[in-house]
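# Descriptive analysis of the structure
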Amino acid sequence: MTNIAILGFGVVGGGVADLITNNSYQVARLGGDDIRIKYILDLRDFPDSPFADRVVHDFDIILSDNEVDCVIEAMGGSHPAYEYTVAALKAGKSVITSNKEVVARFGDEFLALARENGVCYRFEAAVGGGIPVISPMISCVGQNKIREVRGILNGTTNYILTKMFSFGASFEESLKDAQDKGYAERNPDADVLGIDACRKIAILTALVSGELLPTDRIHTEGITSIRKEDVLNAAKVGLSIKLLGRCVIGDKGMQVMVAPFMLGSDSPLSSVSGVYNAVEIIGEPIGNVMFYGQGAGAGATASAVVGDLMQIMRSGRSYAEPVWTRGTDGICNFADFEARQYIAICGADRGAVEKVFGSAQVISEGEETAFITGIISEKTAQEGIKSLERLGATVKSRIRLI
Ligand code: HSE
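We now turn to the structure provided with this report. (Residues numbered from 1 in each chain as written. Predicted model: local features only at pLDDT ≥ 70, side-chain atom pairs only at ≥ 80, totals over all residues. Heavy atoms only, no water.)

Right, let's get into the packing of aromatic side chains. Scanning the entire structure with this criterion turns up 13 aromatic pairs. Judged by centre distance (5.1 Å) and plane angle (10°), the rings of Tyr-276 and Tyr-292 are stacked. In this pair, Tyr-276 sits in strand S12 (residues 276–284) while Tyr-292 sits in strand S13 (residues 287–294), placing the two residues 16 residues apart along the sequence. Tyr-276 gets classed as partly exposed once you look at its relative accessible area, which sits at 30%. Aromatic ring contacts, followed pair by pair, group Tyr-82, Phe-106, Phe-110, Tyr-121, Phe-123 and Trp-324 into a single cluster. We note Lys-163 situated over the ring of Phe-167; from NZ or CZ to the ring centre the distance is 4.5 Å. In this arrangement the basic side chain of Arg-246 is found over the ring face of Phe-261, its NZ or CZ atom lying 4.9 Å from the centre. (Phe/Tyr/Trp six-rings, centres within 6.5 Å; stacked < 30°, edge-to-face > 60°. Helix = DSSP H or I, 4+ residues; strand = E, 2+ residues; numbered from the N terminus. Buried < 20%, exposed > 50% of the residue type's maximum accessible area, 1.4 Å probe, protein only. Lys NZ or Arg CZ within 6 Å of the ring centre and 35° of its normal.)

End to end, helix H10 (residues 195–209) covers 21 Å across 15 residues, agreeing with the expected 21 Å (1.5 Å per residue, within 8%). Burial analysis of H10 places 11 of its 15 residues in the buried class, which makes it a mostly covered element. Among all positions of H10, only Asp-196, Ala-197, Cys-198, Lys-200, Ile-201, Ala-202, Ile-203, Leu-204, Thr-205, Ala-206 and Leu-207 are buried. Directly beyond the C-terminal end of H10, a positive phi value near 80° is found at Gly-210. (Expected span 1.5 Å × (residues − 1).)

What follows concerns unusual backbone geometry. With omega at 10°, the peptide bond leading from His-79 into Pro-80 counts as cis. Along the chain, Pro-80 turns up in the loop between strand S4 (68–73) and helix H4 (81–90). Across the junction of Glu-284 and Pro-285, the peptide omega takes the value 5°, indicating a cis bond. Tracing the backbone shows Pro-285 in the loop between S12 and S13.

So, on to the side chain of Thr-373. In this structure, Thr-373 sits in the loop between strand S18 (368–372) and strand S19 (376–377). By relative accessible area, Thr-373 is classed as buried at 3%. Residues contacting Thr-373, with those up to four places away along its chain left out, are Arg-340, Gln-341, Ile-343 and Phe-357. (Contact = heavy atoms within 4.5 Å.)

A word on the nonpolar core. Residues Ile-62, Tyr-121, Phe-123, Ile-203, Leu-204, Trp-324 and Tyr-342 are the most contacted members of the largest nonpolar core, which totals 80 residues. Counting residues in each nonpolar core, the second largest holds 29 residues, with Ile-6, Ile-20, Ile-37 and Cys-70 among its members. (Core = buried A, V, L, I, M, F, W, Y, C linked by side-chain atoms within 4.5 Å.)

Moving on: the site of the ligand. Around the ligand sit Lys-100, Asn-154, Gly-155, Thr-156, Asp-191, Asp-196, Lys-200, Gly-295 and Ala-296, and that is every residue in its neighbourhood. Take Asn-154: an N or O atom from its side chain is 3.4 Å from an oxygen atom of the ligand. In the environment of the ligand, an oxygen atom lies 2.8 Å from a nitrogen or oxygen atom belonging to the backbone of Gly-155. Protein coverage of the free-state accessible area of the ligand, which is 260 Å², stands at 80%. For the shell around the ligand, the secondary structure elements donating two or more residues are helix H7 (155–167) and H10. For the shell around the ligand, the residue count by class is one nonpolar, four polar and four charged. (Near = heavy atom within 4 Å. Polar contact = N/O pair within 3.5 Å; in protein donor to acceptor, adjacent residues only side chain to side chain. Areas by Shrake-Rupley, 256 points an atom, 1.4 Å probe, with all protein chains shown as cover. Nonpolar A, V, L, I, M, F, W, Y, C, P; charged D, E, K, R; others polar.)

Have a look at this one:
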């Protein structure tokens, strides 16, 4: 019998309890043992729940119970998730989490503690919800020279952008629809400002490089400044707009970012719609590999959490455990990042654009001039924008292409 405790009985914690209960045959077959949910930690009581008798309010009950083999942290946020994780690992209990915030901030420390204490720390659900991506990245692709990991890592923003493209709706209208449908929080900042995707690309970057970057060193833009006009201009030339997390590995180091990108229909990420997530890995000799599925929700996230539990029950630490160090050694200057750029301006025309950027693909003229440059660096783009402003232009939008 494997005894577990679930910290947090919200969407994810509840989904984990349901999956273990409803799929007990599959879980026991795969894990090689029965699982008992011995405790559920929450501030609240759940008198009508079938798990009401497992609910406790004091983490020390779980910590001091030597029968508890594994703690599932489904609380979210940094604290007290950090303190509970440290205590559980030091007490010789494996920890599984769906909490990307705590992994992105402290994952290196947790992995080291797990190593020192001979237990496991797993976080498959922290990126891409139900999509198995962390585990394949650890055990199936590391032998390649990875050139890039990129993905649609946030379902809420992908839903909003899909809505803007399908209905020509504004960002505000699409956000409201996402909130009404329960996809976006009432305070949507973590999603729409790119903070959630930033945590996830930090985790994916650590998996390919071994270096856990502080999230404030990752260039992060959200989708709040994308306008209906940009969507129409993109559609006119067969492009879509997606919020991507990207870790691009070149000869000089890594460029890691979260930003909206315009993509052509030849990119497999362009067809990922609605709340779905996808992660694309490009390496040699493997080529392009894409993982696709539901990035959030009780069932999908619980599937990833319980998958981690199955691996721990079957293999324990014999599974390849990542080793991360915290730092910034591997990143290079974002000012050198090169891409084609979509820029929309008003107050200046094609002549001004050509004067500053040379030949550019002009895609709309009139009240606004929208154009796409050749491949230029961030530094050149910013200098060009300043020159356009000196010529009387006001920049309305800038979006990179991939
Ligand atoms: N807010 C996240 C999203 C939830 O929209 O993708 C899953 O991490």
